[in-house]
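# A structural walkthrough
One letter stands for each residue in the lines below.
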Amino acid sequence: MQVPTSAPQDLAELESRAQAIAGFSLGELAALASIAIPADFKRHKGWTGQLIETWLGATAGSKPQQDFPELGVELKTLPINQYGQPLETTYVCYAPLKLPPLSSWETSNVKNKLQCVLWVPVEGERQIPVAERRIATPFLWQPSPAQEAMLKQDWEELTELIALGQVESVTARHGEVMQLRPKAASGQVLTDALDAQGNRIQTRPRGFYLRKQFTGFILESHFAR
DNA sequence: CGTTGATCATGC
DNA sequence: GCATGATCAACG
């Protein structure tokens, strides 16, 4: 097995590459790709995602686009426990805080990002050394009408609060399947937003995250089929 | 003990 | 500063 040197040409090739790494440990994949393995993720939080990107032939580096633009596919690795349940929430994208919110769900970043996702579940329990964690079964997913309705509802609720200048009062408890949380290099990072009177204020950048229960439901639905 | 809020690395 | 990849760890 070798690291691909080009992007997958179609969905079939992407799926085939994804299936090929199923069952391998992160250590094996790193060794085959000549990539150093971190002892832990304290300072390497994005390492697994980048390793998977390498093996699937995603364009290196971070781009403000989908991982496979030609295929319209977004790649998400998902740490799971021994029962196949997600251990962490899933980051979707930044939330615009300076809204002339003529924005709609249909044109939102969230909907665009989640139109088609290649989920790659990976063993993530801390007791398992990083190198020994294995890739589970990757699969392509598109939101069902019901799932999209849930996402849309949360997006509209959260976006409305932002539009009303209530950003500061939104907590991660809002939203049934998707939440809004700080997303920055530190708590010192600030960005512009608006208060209820429309005055410019400074606040921590926020991102949209999928709750574990929701991604767990996606996994369950897929493997129950 | 699960979740929220904070944090780490990197590129442009 | 924003966007990518996420996990860490304090707290309720």
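Below or above, wherever it landed, is the structure these notes cover. Just so you know, the residues in each chain are numbered from 1, in the order the chain's sequence is written. Chains and ligands are labelled sequentially in the order written, the chains with letters from A and the ligands with numbers from 1. Residue-level local features of this predicted model are given only where pLDDT is at least 70; pairs of side-chain atoms are given and counted only at 80 or more, and the full residue set underlies all totals for whole chains, interfaces and linings. Only hydrogens and water are set aside when side-chain values are computed; all heavy atoms of the structure are taken into account.

Moving on, we get to the protein's contact with DNA strand B. We call a residue near a molecule or strand whenever a single non-hydrogen atom of that residue lies within 4 Å of it. Around DNA strand B, the structure places 17 residues, and the nearest of them are Arg 43, Lys 45, Arg 181, Ala 184 and Gly 187. If you look at DNA strand B and keep only atoms within 4 Å of the protein, 58% of those are sugar or phosphate atoms. Each polar contact in these results corresponds to two N or O atoms within 3.5 Å; when the atoms are within protein, one needs to be able to donate a hydrogen and the other to accept it, and residues that are neighboring in sequence are counted only if both atoms are side-chain atoms. Contact between DNA strand B and Ala 184: a base oxygen at 3.3 Å from a main-chain N or O atom of the residue. Each residue is assigned to one of three groups, with Ala, Val, Leu, Ile, Met, Phe, Trp, Tyr, Cys and Pro labelled nonpolar, Asp, Glu, Lys and Arg labelled charged, and all others, Gly among them, labelled polar. Grouping the constituent residues of the surface near DNA strand B by class yields four nonpolar, four polar and nine charged.

The next point concerns the nonpolar core. One recurring pattern in soluble globular proteins is that nonpolar side chains are buried together. Within this scheme, the nonpolar core is defined by two criteria: the residues are buried Ala, Val, Leu, Ile, Met, Phe, Trp, Tyr or Cys, and they are joined through side-chain atoms within 4.5 Å. Partly exposed describes any residue whose relative accessible area lies between the buried limit of under 20% and the exposed limit of over 50%, with all areas from a 1.4 Å probe on protein chains only and scaled to the type maximum. Within the largest apolar cluster, 30 residues are counted, with the highest numbers of intra-cluster contacts made by Val 110, Leu 114, Trp 119, Leu 151, Met 178, Phe 208 and Leu 210. Strands are runs of DSSP state E lasting at least two residues, helices are runs of H or I lasting at least four, and both sets are numbered from the N terminus onward. With five residues, helix α5 (residues 145-163) is the largest single contributor of residues to this core. Ranked by size, the runner-up nonpolar core spans 23 residues in total, among them Leu 26, Ala 30, Phe 68 and Cys 116.

What follows covers the sheet that holds strand β4 (residues 139-141). The pairing criterion for strands is at least two bridges between them, as found by DSSP. One open sheet holds the three strands; their spatial order is β1-β3-β4, and the pairing between them is mixed. Two strands lie at the open edges of the sheet, namely β1 (74-80) and β4, each paired on one side alone. On average, adjacent strands in this sheet sit at an angle of 35° to one another, irrespective of strand direction. In the sheet, β1 pairs with strand β3 (residues 117-123) via seven bridges, with the strands oriented parallel. Paired with Leu 78 across the two strands is Pro 121, which belongs to β3. Sheet strands touched by helix α3 (residues 47-56): β1 and β3. Its angle to β1, the strand with the most contacts, is close to 130°. Every axis corresponds to a line fitted to the C-alpha atoms, with the helix fit spanning only the stretch in contact, and the corresponding angles, defined between N-to-C directions, vary from 0 to 180 degrees. In what follows, residue pairs with any heavy atoms lying within 4.5 Å of each other are defined as contacts.

Okay, the sheet that holds strand β2 (residues 90-94) next. Spatially, three strands are ordered β2-β8-β5 in an open sheet, and the strand pairing comes out antiparallel. Strand pairing shows two members of the sheet lacking a second neighbour, β2 and β5 (178-182), which therefore form its edges. Here the average twist between neighbouring strands, direction ignored, is 35°. Pairing of β2 with strand β8 (residues 206-210) involves four bridges; the strand directions are antiparallel. What sits directly across from Thr 90, in β8, is Leu 210.

Turning our attention to the pattern of salt bridges. Basic side-chain nitrogens of Lys or Arg form a salt bridge, by our definition, when they fall within 4 Å of a carboxyl oxygen of Asp or Glu. Inspection of every chain in the model, using the stated rule, returns eight salt bridges. With a shortest N-O distance of 3.8 Å, Lys 76 and Glu 74 are connected by a salt bridge. We note that Lys 76, like Glu 74, is buried. Within the structure, one salt-bridge network assembled from shared partners comprises Glu 106, Lys 111 and Glu 148.

Positive phi values are uncommon outside glycine, yet Ser 34 reaches one of about 55°. As for its position among the elements, Ser 34 is in the loop between α2 (26-32) and α3.

Turning next to the environment of Ala 184. With respect to the helices and strands, the residue Ala 184 is situated in the loop between β5 and β6 (191-194). Judged by its relative accessible area of 39%, Ala 184 falls in the partly exposed class. Residues Ala 184 and Leu 161, spaced 23 residues apart in sequence, show a C-alpha to C-alpha distance of 20 Å.

Another aspect to go through is the packing of aromatic side chains. Aromatic ring pairs are described here by two measures, namely the spacing of the ring centres and the angle between the planes. Whether two aromatic rings pair depends on their centres lying within 6.5 Å, for rings of Phe, Tyr and Trp, where Trp uses its six-membered ring; planes under 30 degrees apart make the pair stacked, over 60 edge-to-face, and the rest tilted. Taken as a whole and judged by the stated rule, the model has six aromatic pairs. With centroids separated by 5.4 Å and ring planes inclined at 75°, the aromatic side chains of Phe 139 and Phe 223 adopt a geometry described as edge-to-face. Taken together, the positions of Phe 139 in strand β4 and Phe 223 in helix α6 (residues 212-224) put the pair 84 residues apart, joining distant regions of the chain. The class of Phe 223 is partly exposed, set by a relative accessible area of 44%. What links up through ring pairs into an aromatic cluster is the set Tyr 91, Tyr 94 and Tyr 209. When the NZ atom of lysine or the CZ atom of arginine is within 6 Å of a ring's centre and also within 35 degrees of its normal, the charge is said to sit over that ring. The positively charged end of Lys 183 is found above the aromatic ring belonging to Tyr 91, 4.2 Å away from the centroid.

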